[in-house]
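# Fold and geometry: a report
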Amino acid sequence: MKAKFSPYFIVSIIILVGYLLVENLIVTIPGIVAVPLLLFALTLIITDGIKRRAHKEK
């Protein structure tokens with residue numbers, strides 16, 4: 001069975017990978033920018049999980 005990824009999940013993974021690449025390879029990201037960015041990515045992942053569970057129960 002082929003796994004489908006939702007746009008929420010894809011955007012959150014792009015945010016996390018971009019953050020990790022910039023943080024580790026280019027420059028340290030200040031906390032005032034990093035914390036909201038990571039919370040937004042985490043919120044997208046949680047929202048995707050809730051939507052998948054609600055769709056699965058139908």
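See the structure printed just above.
Scoring rules and cut-offs
- Residues numbered from 1 in each chain as written.
- Predicted model: local features only at pLDDT ≥ 70, side-chain atom pairs only at ≥ 80, totals over all residues.
- Heavy atoms only, no water.
- Helix = DSSP H or I, 4+ residues; strand = E, 2+ residues; numbered from the N terminus.
- Rg over C-alpha atoms; globule rule 2.2 N^0.38 Å.
- Buried < 20%, exposed > 50% of the residue type's maximum accessible area, 1.4 Å probe, protein only.
- Expected span 1.5 Å × (residues − 1).
- Contact = heavy atoms within 4.5 Å.
- Salt bridge = Lys/Arg side-chain N within 4 Å of Asp/Glu carboxyl O.

### A short note on the overall build of the protein
- In terms of regular secondary structure, the protein is built from two helices and zero strands.
- Taken over the C-alpha trace, the protein has a radius of gyration of 14 Å; the compact-globule value for 58 residues is 10 Å, which it surpasses by more than 25%.
- Evaluated residue by residue, the protein yields a buried proportion of 16% over its 58 residues.

### Focus: helix α2 (residues 31-57)
- In this model, α2 (27 residues) spans 39 Å end to end at C-alpha, consistent with the 39 Å of a helix rising 1.5 Å per residue.
- Residues Ala34, Ala41, Leu44 and Asp48 constitute the buried set of α2.
- On the buried face of α2, the contacting elements are α1 (7-26).

### Notes on the pattern of salt bridges
- Counted according to the given criterion, the structure contains one salt bridge.
- Between Arg52 and Asp48 there is a salt bridge, with the nearest N and O atoms lying 3.3 Å from each other. With a gap of four residues between them, Arg52 and Asp48 both fall in helix α2, about one helical turn apart.
- Residue Asp48 is classed as buried on the basis of its relative accessible area, which comes to 7%.

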